[in-house]
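Spelled out, the chains give:
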Amino acid sequence: MTTTTSWAVARLLRDRNAALYLAGVLVSGFGTSALWLVSGVWVKDLTGSDGLAALCTAALWAPTLLGPVLGGLADRVRRKPLVIRTNLALALLLLPLCAVSSPASVWLLLAVLVLYGAAGVVEDAASSALVAAAVDPALLGDFNGLRMTAREGMKLVAPLTGAALYTAYGGPCVALLDAGTFVLAAGLCALLRVREERPGRAAPGSRRGRAAEGVRLLRAHPALRPLVCAGGATMCLASLGSSMNYAVVAALGHSPAYTGVMYAVQGVGSVGVGLVAGPALRRLGELRFAACGIALTAVAVAGRVVPCDMALLACSLAGGFGLPCVLIAAYTAVQREVPAAALGRATATADTLMFTPNVAGLAVGAALVELVDHRLLLPVFGGALFLTAGALAQRSASRTAARSPSDANPA
């Protein structure tokens, strides 16, 4: 698989569109990851409130709930100009953060983060549709894997850089850095060579009906429905498990800061899976690839009960490798199976269905860890993940068996 992986990566990087888009992901991902960390620290320093600091993450995630509506915007216009304009709008949006300097101005930071998250939903939906048009369909799995590698790789570097800049020059400096990365990403997108037809006029109907089309497309497809449902269940259960991290670290006698080591090791795993995702998808198919990743995540979650540092770090690495599999598989399947005219809203709907449970899992896990010993909860979460993986593997086997008769006796 190593040779196949190297061949696919080399082919992708030789492709002008793929290379430009990945460069844009690296650049904008760097700025986003830096601001994500700094925004909470910034609010904590200004107000002293842990609750307000936590609201920064909530503000960024909240617009995901409107994914079906926001994603529909990407189906009404050509995607390349929309991505360029959205990146430039994000750059302008960040400039008012230079005025945030006191507790009274924290509302401005939170408002900008909500708009930032909303624009990110639109940009992600448009980018997914643009990628489907610009990249060879046979390499979509490789591309989505490399995109995951690029984003996770930036999460290993950007937060430290953002923290250093914040310490030296303050929050406005980080906001300006992020704005600059969006301008550069817009310039890279402008260099893409892709032909897009102007979308036709939307059929008469309510806006709610058009927004619901993404849900209908995913629900009606025999492969997309189980993938997206499994993705939501996996993100919820993995979040429940990650809510136990501080308790796990404390049981080993470490300070809370040791969770940073866990996240760094997990990031290494996520970088690694992106490099092998394409060949694995071609060999296993989306459903089996996702099932294998969920099963590995189950081991990683349940294995954290072992009272050993090496076991904990091994589980972090395994979780980082396994968790992205279902996301990569789902995005690749959506790009391949959904008609181009509806790809924006379908992608955003998939995001909503897979990542909203993530927020719910974090909230429920935060309550459970205060009531129940984490050594009892983690095996339960791991077992539920195994059941999710088993259901997905069974669905894959059923689809394979259903295709076999027609393959053996062609009409």
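Every value quoted in this text rests on a predicted model; they were computed, and no experiment measured them.

The rules behind each value
Residues numbered from 1 in each chain as written. Predicted model: local features only at pLDDT ≥ 70, side-chain atom pairs only at ≥ 80, totals over all residues. Heavy atoms only, no water. Helix = DSSP H or I, 4+ residues; strand = E, 2+ residues; numbered from the N terminus. Buried < 20%, exposed > 50% of the residue type's maximum accessible area, 1.4 Å probe, protein only. Contact = heavy atoms within 4.5 Å. Areas by Shrake-Rupley, 256 points an atom, 1.4 Å probe, with all protein chains shown as cover. Axes fitted to C-alpha atoms, helices over the stretch in contact; angles between N-to-C directions. Parallel < 35°, antiparallel > 145°, perpendicular 65-115°, else oblique. Left-handed = near helix turned anticlockwise from the far one by under 90°. Core = buried A, V, L, I, M, F, W, Y, C linked by side-chain atoms within 4.5 Å. Salt bridge = Lys/Arg side-chain N within 4 Å of Asp/Glu carboxyl O. Expected span 1.5 Å × (residues − 1). Bend = angle between axes of the 7 residues up to and from the residue. pLDDT = per-residue confidence, 0-100. Patch = residues over 30% accessible without salt bridge, like charges linked within 9 Å, V, L, I, M, F, W, Y side chains within 5 Å.

Asker: How should I be thinking about the overall build of the protein chain in this particular structure?
Answerer: Looking only at helices and strands, the protein chain has 15 helices and 0 strands in total. With 411 residues in all, the protein chain has 50% of them scored as buried. For the protein chain, long-range pairs separated by at least 24 residues make up 86% of all intrachain contacts whose partners lie at least 6 apart in sequence. Here the protein chain has roughly 18400 Å² of accessible surface; of this, 67% comes from carbon and sulfur atoms.

Asker: Looking at this structure, I do not really get the packing of helix H13 (residues 309-337) against helix H14 (residues 343-371). What am I missing?
Answerer: When two helices pack together, their arrangement is given by the angle between their axes and by how far apart the axes lie. Orientation of H13 relative to H14, taken along the N-to-C sense of each, is 160°, at an axis distance of 10 Å. With respect to their mutual orientation, H13 and H14 come out roughly antiparallel. Where H13 crosses over H14, the handedness of that crossing is right-handed. Here H13 contributes Leu327, Ala330, Tyr331, Val334 and Gln335 to the contact with H14, which in turn contributes Leu343, Ala346, Thr347, Asp351, Met354 and Phe355.

Asker: How do you make sense of the nonpolar core when you look at a structure like this?
Answerer: Note on soluble globular proteins: their nonpolar side chains tend to be buried together. Leu227, Phe289, Leu327, Met354 and Leu392 are the most contacted members of the largest nonpolar core, which has 51 residues in total. Broken down by secondary-structure element, the contributors of at least two residues to this core are helix H10 (224-242), helix H11 (245-251), helix H12 (259-302), H13, H14 and helix H15 (374-408). Among the elements that make up this core, the one with the highest residue count is H12 (12 residues). Excluding its chain neighbours within four sequence positions, the residues that come into contact with Leu392 are Pro226, Leu227, Ala230, Leu287, Ala290, Ala291 and Ile294. By size, the runner-up hydrophobic cluster in this structure holds 30 residues, among which are Val43, Ala59, Leu108 and Tyr166.

Asker: What should I look at first to understand the pattern of salt bridges in this one?
Answerer: Evaluated as defined, the whole model comprises 4 salt bridges. In this structure, Asp124 engages Arg151 in a salt bridge whose closest nitrogen and oxygen atoms are separated by 3.6 Å. Pair noted here: Asp124 is in helix H6 (residues 106-134) and Arg151 is in helix H7 (residues 140-169), with a separation of 27 residues, a long-range link. With a relative accessible area of 34%, Arg151 lands in the partly exposed category. Two residues, Asp142 and Arg282, come together in a salt bridge whose shortest N-O distance is 2.4 Å. Of this pair, Asp142 sits in helix H7 while Arg282 is found in helix H12, placing the two residues 140 residues apart along the sequence. Taking relative accessible area as the criterion, Arg282 reaches 39% and is therefore assigned partly exposed.

Asker: Got a minute to help me understand helix H2 (residues 16-47) in this structure?
Answerer: The periodicity of an α-helix, 3.6 residues per turn, causes residues three or four places apart in sequence to face the same way. Relative to the 46 Å expected for 32 residues at 1.5 Å per residue, H2 spans 47 Å between its end C-alpha atoms, a close match to the ideal helical length. The largest bend along H2 measures about 25° and falls at Val38. Phi for Gly48, located one or two positions after H2, is positive at around 75°.

Asker: Even after reading the chapter, I still don't get H7, so can you show me in this structure?
Answerer: The end-to-end C-alpha distance of H7, which contains 30 residues, comes to 41 Å, matching closely the 44 Å that a straight helix rising 1.5 Å per residue would cover. The sharpest bend along H7 reaches about 35° and sits at Lys155, with the proline Pro159 one to four residues further on. Gly170 lies just past H7 and shows a positive phi near 95°.

Asker: What exactly am I supposed to notice about the confidence of the model for the protein chain here?
Answerer: Any region with low pLDDT has predicted coordinates that should not be read closely. Across the protein chain, the average pLDDT comes to 83, with 89% of residues at 70 or higher. By mean pLDDT, the top-scoring element of the protein chain is helix H8 (residues 171-190) (93), and the lowest-scoring one is helix H1 (residues 2-14) (63).

Asker: Would you mind going over the environment of Ser239 with me for this structure?
Answerer: When you line up the elements, Ser239 lands in helix H10. Residues Ser239 and Gly365, 126 residues apart in the sequence, show an inter-C-alpha distance of 7.4 Å. Among all residues touching Ser239, those that are not within four sequence positions of it are Asn358, Gly361 and Leu362.

Asker: So what exactly am I meant to see when it comes to the environment of Cys308 here?
Answerer: Position of Cys308 among the secondary structure elements: in the loop between H12 and H13. With a relative accessible area of 32%, Cys308 lands in the partly exposed category. In this structure, the C-alpha to C-alpha distance between Cys308 and Ala251, residues 57 residues apart in sequence, is 9.8 Å.

Asker: Looking at this structure, I do not really get a nonpolar patch on the surface. What am I missing?
Answerer: Side chains of Leu156, Val157, Val268 and Leu317 sit close together on the surface and give an oily, nonpolar patch of about 300 Å² of accessible area. The residue Leu317 is located in helix H13 in this model. For Leu317, a relative accessible area of 39% corresponds to the partly exposed category.

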